[in-house]
Protein chains: 2
Amino acid sequence: MDDVRKAAVASKEASYRLQSIPGNIRNKALEAIADMLSLRRRIIVSANEKDLAEANMSGLSQVLLKRLKYDDAKIDESLDSIWSLVKQEDVVGKVISRTELDAGLVLEKVTCPIGVIGVVFESRPEALVQISSLCIKSGNAVLLKGGSEAKNTNEALAAAINDAIVRIDERFTNAVQLLSTREEFQRLLQQDDKVDLIIPRGSNQLVRSIQNSTRIPVLGHAAGVCHTYVDNDADMDMAVRVCYDAKVQYPAVCNAMETLLVHEGIAGDILPKMAEAFSKAKVVLRGDAAVRRVIKADAVVDDDWSTEYNDLILSIKVVESIEEAIEHINTYGSHHTDAIITSDPSKAKLFQDQVDSASVMWNCSTRFADGYRYGLGAEVGISTNKTHARGPVGLEGLAIYKYRLNGSGHIVADYVGPNAKKYTHRKLR
Amino acid sequence: MDDVRKAAVASKEASYRLQSIPGNIRNKALEAIADMLSLRRRIIVSANEKDLAEANMSGLSQVLLKRLKYDDAKIDESLDSIWSLVKQEDVVGKVISRTELDAGLVLEKVTCPIGVIGVVFESRPEALVQISSLCIKSGNAVLLKGGSEAKNTNEALAAAINDAIVRIDERFTNAVQLLSTREEFQRLLQQDDKVDLIIPRGSNQLVRSIQNSTRIPVLGHAAGVCHTYVDNDADMDMAVRVCYDAKVQYPAVCNAMETLLVHEGIAGDILPKMAEAFSKAKVVLRGDAAVRRVIKADAVVDDDWSTEYNDLILSIKVVESIEEAIEHINTYGSHHTDAIITSDPSKAKLFQDQVDSASVMWNCSTRFADGYRYGLGAEVGISTNKTHARGPVGLEGLAIYKYRLNGSGHIVADYVGPNAKKYTHRKLR
């Protein structure tokens, strides 16, 4: 057995033990992590300074150096997030339903941890603390792979976390394990009998490459090509305000608008207003022929419709109908987040029914699609999957359920044949 | 575009339209299917007779011929199952939660169809009717591939279903499509941008081969290696009764017991009783050395522990403790269904917590793990997946959710910076 296989097996074994640890002990473990990070503040910051020095020497960009930095202020932020996680409702051990199948034979559907979560994240060391805490809170074992440039910081953090949780309860042994190389993570992706879910936190390229190289379910999104459709029944001032926010407020993120669709009935009126607003933020506009008859814009090419710019660039198309808008979004979009601006509730309903995206907005900005804004507490990620968890995913995305059937010697043979007993199927909850 | 791609694209387009069709119309479509099957009874039975004649000529076994048969009695069963499906609660359009993010900005998490379901099933033509009805009920489009020996029957059934539903609402066009060859289904497994879930209904080999050849999520189980652990605190008569039922009542199915684990403290007393009971049903016993010191049994080999016999064969092991039993089950089992017989509630809890299976039974037979017995209504399948849906899966396994955010011009920029508005995150439901 190689080291990665050994780690995966150890994680699986830990995950069985974790299923028995009640919520109050998992919360105590989180508090112990916070205490230990405080206690080892100097050790962690020194480890990070070593990483920063090495990264500086090797010529890492200022942007990446900033992400790599994990100083006292960042530690305080991590502590805050752990404390707020302690207060969140437990997602495991909840009885979803309780059904009497017959006298003395009771079926319970109860939430439980998924098992073993594999996580890969890029530079930011705070991600290690956050994702470990989420997994401990939800009773899952986790195998983490961080950026190699943050090696010393990650090792110091993982050691602090492990020392803290094992002191609370020995069953936490191996609940949090750190992999050190990309090659190790690649091998982890092959352990589909031991790892139950992969969560990649990084670029679209990383997510796509992982989706393409594992049979393990992957929770995430490989693209955020988000649209706003401005209907002919839209309030024009509202449309301009909302579209400006969706494109400009923070263009580098997955829920920013990349394509604007405008109904032909109002294109002549609204496109000049949009162009004026966007020009203030120096947004580069790309339009189809109908757009360019009204405003100045670069010619759009077919690839634009499916491109996530993550930048101050916007592609614009004039459509003949809401149906054409819906079809365009379902064809070129990434099923992440899309919005309609209209004063007609029936058109809003049609759009929200038929646009096949995790979040569908009516008269508000696509930028709201986010776990914090949705009030989910800690965010595990944003998913464009069609099964298990969709859209911004909170802690409940790390839970599943199992059935417990409790009897007193009940056998199936009594319920078949000529004198079969009847099931009661009485809902108890 | 080849035919399979075209069919997948048409299914996807149908799935968007289906999202708009309310529950009462979906129920009307089910009623129309039942009416049409009644109306075309003679056509369908003749088509089946043609299949039966050809299968007989080609030397199909009596068992397979029986499965292939779809006569008046089978049609009546199909009609009954459709009528009971009409009465089942709608799983789509349910508001899971409603949260006010701020005044006039309301987030709804609403259940919706998954989209496009690909189903492959073996000989039984009633599976076509059942799975199509489940998909119509839950608003999903479906692509079906049946056994080639049932070609004429399946075509007659699919035509009847399509004619019925399209007459109720044109939006059902292409909601149910039939693929004709295995090679076509193989190509369907590659359409991961159009097909959202695969449900294989057939042998373990079929399920495993599909899991290994697609990136689309697969709902099912590739094996049912189920255990019963008899603890030293078990009621011995109960243990014998329950184990006999779990092995003998219907050995050919996935939830039958394949391995019996017995605590060493009671092995000497209980094994002779078990052997006596099982001998009545001519069950072949295979045991480890400790078992064979007490009763007559064949020597077990390591492969036995992970073998699904689906037959009157049972492997037996003596264990030192409940912990060893749990470890054995988690190591060699298939995470499907496992049982403990004990009078000690704390051991039952430990077992039900730590055995990582979809169904964990206490003092009752593993054979109860089934959608009908669990009261789920129609059963989509039994899943050993760790995400989305686990254990016996009812209609709710064909639904997911989307977020709808309704505002009146709300923008994210108002909620950041020095004068940021605050989110209320008020639970409305």
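What counts and how
Residues numbered from 1 in each chain as written. Chains lettered and ligands numbered in written order. Predicted model: local features only at pLDDT ≥ 70, side-chain atom pairs only at ≥ 80, totals over all residues. Helix = DSSP H or I, 4+ residues; strand = E, 2+ residues; numbered from the N terminus. Buried ≥ 20, exposed ≤ 12 C-beta atoms within 10 Å, placed from the backbone. Contact = placed C-beta atoms within 7 Å. Pairing = 2+ DSSP bridges. Axes fitted to C-alpha atoms, helices over the stretch in contact; angles between N-to-C directions. Nonpolar A, V, L, I, M, F, W, Y, C, P; charged D, E, K, R; others polar. Least-squares fit on C-alpha atoms with pLDDT ≥ 70 in both. Expected span 1.5 Å × (residues − 1). Domains from an automatic or database assignment. Arc of directions from axis to C-beta. Right-handed = clockwise from strand over helix to strand, strands pointing away. Parallel < 35°, antiparallel > 145°, perpendicular 65-115°, else oblique. Left-handed = near helix turned anticlockwise from the far one by under 90°. pLDDT = per-residue confidence, 0-100.

### Examining the overall build of chain A
Here comes step 1: What chain A contains, in helices and strands, is 14 helices and 17 strands.
Here comes step 2: Projected onto its principal axes, the C-alpha positions of chain A cover 75 × 75 × 40 Å.
Here comes step 3: Burial status across chain A gives 52% buried among its 429 residues.
Here comes step 4: Considering only intrachain contacts with a sequence separation of at least 6, the fraction spanning at least 24 residues in chain A is 71%.

### Structural notes on unusual backbone geometry
Residue and element names in this part refer to chain B.
Here comes step 1: Here Lys 282, not a glycine, exhibits a phi torsion of approximately 55°, which is positive.
Here comes step 2: Note on placement: Lys 282 falls in the loop between helix H11 (264-280) and strand S9 (284-287).
Here comes step 3: Its 8 C-beta neighbours within 10 Å are what place Lys 282 among the exposed residues.
Here comes step 4: For Asn 310, which is not glycine, the phi torsion reads 50° and is therefore positive.
Here comes step 5: Among the secondary structure elements, Asn 310 is positioned in the loop between strand S10 (298-299) and strand S11 (313-319).
Here comes step 6: Given 16 C-beta atoms within 10 Å, Asn 310 falls into the partly exposed group.

### So, the sheet that holds strand S5 (residues 176-179) of chain A
Residue and element names in this part refer to chain A.
Here comes step 1: Across the sheet, four strands lie side by side as S5-S4-S3-S6; this open sheet has parallel pairing. Edge positions in the sheet fall to S5 and strand S6 (197-201), since each has one partner strand and no second. On average, adjacent strands in this sheet sit at an angle of 20° to one another, irrespective of strand direction.
Here comes step 2: Direction of pairing for strand S3 (residues 116-121) relative to S6: parallel, over a ladder of five bridges. The residue of S6 that forms the bridge with Phe 121 is Arg 201.
Here comes step 3: Lying on the sheet, helix H1 (residues 3-18) is in contact with S3, strand S4 (141-145) and S5; it crosses S4 at an angle near 150°.
Here comes step 4: The sheet strands contacting helix H6 (residues 126-137) are S3, S4, S5 and S6, and the helix crosses S4 at an angle near 165°.

### Side note on the interface of chain B and chain A
Here comes step 1: With 57 residues of chain B at the contact, the number on the chain A side is 57 residues.
Here comes step 2: Among the elements of the structure, strand S1 (95-102), strand S2 (105-113), helix H10 (236-248), helix H14 (345-354), strand S13 (359-364) and strand S16 (399-410) of chain B are those that each provide at least two residues to the side of chain B that touches chain A.
Here comes step 3: A class-by-class count of the residues in the side of chain B that touches chain A yields 25 nonpolar, 21 polar and eleven charged.
Here comes step 4: Inspection of the sheet shows strand S16 (residues 399-410) of chain A paired to S13 of chain B by five bridges, in the parallel sense. Note that in S13 of chain B the partner of Leu 405 of chain A across the bridge is Met 361 of chain B.

### Points about the relation of the copies chain B and chain A
Here comes step 1: For these two chains of identical sequence, chain B goes onto chain A by a turn of 180° and a shift of 0.0 Å along the axis, with RMSD 0.1 Å. In short, the pair behaves as if placed about a two-fold rotation axis. Minimal C-alpha separation from the rotation axis in chain B is found for His 388 of chain B, amounting to 1.8 Å.

### Points about helix H2 (residues 23-39) of chain B
Residue and element names in this part refer to chain B.
Here comes step 1: With 17 residues, H2 should reach 24 Å at 1.5 Å per residue; the first-to-last C-alpha distance of 24 Å fits that figure.
Here comes step 2: Those residues of H2 that fall on the buried side of the exposure criterion are Arg 26, Ala 29, Leu 30, Ala 32, Ile 33, Ala 34, Met 36 and Leu 37.
Here comes step 3: Here the buried face of H2 lies against helix H3 (41-57), helix H5 (72-87), helix H6 (126-137) and helix H7 (151-168).

### Concerning the sheet that holds strand S6 (residues 197-201) of chain B
Residue and element names in this part refer to chain B.
Here comes step 1: Within the open sheet, the four strands sit side by side as S5-S4-S3-S6. Their pairing is parallel. Looking at which strands have only one partner, the edges of the open sheet turn out to be strand S5 (176-179) and S6. Each strand axis lies, on average, 20° off the axis of its neighbour in the sheet, ignoring direction.

### Side note on the domain arrangement of chain A
Here comes step 1: Once the domains are mapped, chain A shows domain 1 (3-219 + 394-402) and domain 2 (226-368).
Here comes step 2: Inter-centroid distance (C-alpha atoms) of domain 1 of chain A to domain 2 of chain A is 37 Å.

### Considerations on helix H13 (residues 322-332) of chain B
Residue and element names in this part refer to chain B.
Here comes step 1: For H13, every residue scored as buried is listed here: Ile 322, Ala 325, Ile 326 and Ile 329. All buried residues of H13 lie within an arc of 95° about the axis, which places them on one face of the element. Among the exposed residues of H13, those oriented more than 90 degrees off its buried face are Glu 323 and Thr 331.
Here comes step 2: Residues of H13 that are buried make contact with strand S7 (226-230), strand S8 (257-263), S11, strand S12 (337-341) and H14.

### Some words on the pairing of S13 of chain B
All names here are of chain B.
Here comes step 1: The buried fraction of S13 amounts to six of the six residues, a majority that puts the element mostly inside the structure.
Here comes step 2: The pairing of S12 with S13 spans four bridges and is classified as parallel. Following the sheet pairing, Ala 339 is matched in S13 by Met 361.
Here comes step 3: Crossover S12 to S13 through H14 is right-handed.

### Structural notes on the packing of H3 of chain B against H7 of chain B
Residue and element names in this part refer to chain B.
Here comes step 1: Where H3 meets H7, the axes come as close as 7 Å, and the angle between the chain directions of the two elements is 160°. With respect to H7, the axis of H3 lies roughly antiparallel. Note on packing geometry: the crossing formed by H3 with H7 is right-handed. Mapping the contact onto sequence places Ile 43, Ile 44, Ala 47, Asn 48, Lys 50 and Asp 51 in H3 and Lys 151, Asn 152, Thr 153, Ala 156, Leu 157 and Ala 160 in H7.

### Topic: the environment of Ala 34 of chain B
All names here are of chain B.
Here comes step 1: Summarising the element assignment, Ala 34 is placed in helix H2.
Here comes step 2: For Ala 34, a count of 21 C-beta atoms within 10 Å corresponds to the buried category.
Here comes step 3: Between the C-alpha atom of Ala 34 and that of Asp 76, which follows or precedes it by 42 residues, the distance is 9.4 Å.
Here comes step 4: Among all residues touching Ala 34, those that are not within four sequence positions of it are Leu 79, Ile 82 and Trp 83.

### Details of the environment of Ala 234 of chain A
All names here are of chain A.
Here comes step 1: Its location among the elements puts Ala 234 in the loop between strand S7 (226-230) and helix H10 (236-248).
Here comes step 2: A sequence separation of 107 residues divides Ala 234 from Ile 341, and the C-alpha atoms of the two residues are 5.5 Å apart.
Here comes step 3: With sequence-adjacent residues up to four places away left out, Ala 234 is seen in contact with Ala 239, Ile 266, Ile 341, Thr 342 and Ser 343.

### Re the packing of H2 of chain B against H5 of chain B
Between two packed helices, what matters for the description is the angle formed by their axes and the separation of those axes.
Residues and elements named next belong to chain B.
Here comes step 1: Packing of H2 against H5 brings their axes to within 9 Å, and their N-to-C directions diverge by 165°. Between H2 and H5, the interaxial angle falls into the category roughly antiparallel. In this structure, H2 crosses over H5, and the sense of that crossing is left-handed. On H5, the residues touching Asn 27, Leu 30, Glu 31, Ile 33, Ala 34, Leu 37 and Ser 38 of H2 are Ile 75, Ser 78, Leu 79, Ile 82, Trp 83, Leu 85 and Val 86.

### As for the confidence of the model for chain A
Here comes step 1: Scored by pLDDT, chain A has a mean of 96; 100% of the residues are at 70 or more.
Here comes step 2: For this predicted complex, the interface confidence comes out at an ipTM of 0.95, alongside a pTM of 0.95.

### Things to note about the environment of Arg 373 of chain A
Here comes step 1: When you line up the elements, Arg 373 of chain A lands in the loop between strand S13 (359-364) and strand S14 (381-383).
Here comes step 2: Along the chain, Arg 373 of chain A and Leu 261 of chain A lie 112 residues apart, while their C-alpha atoms are 25 Å from each other.
Here comes step 3: Not counting chain neighbours up to four residues away, the residues in contact with Arg 373 of chain A comprise Phe 368 of chain A together with Leu 101 and Tyr 423 of chain B.

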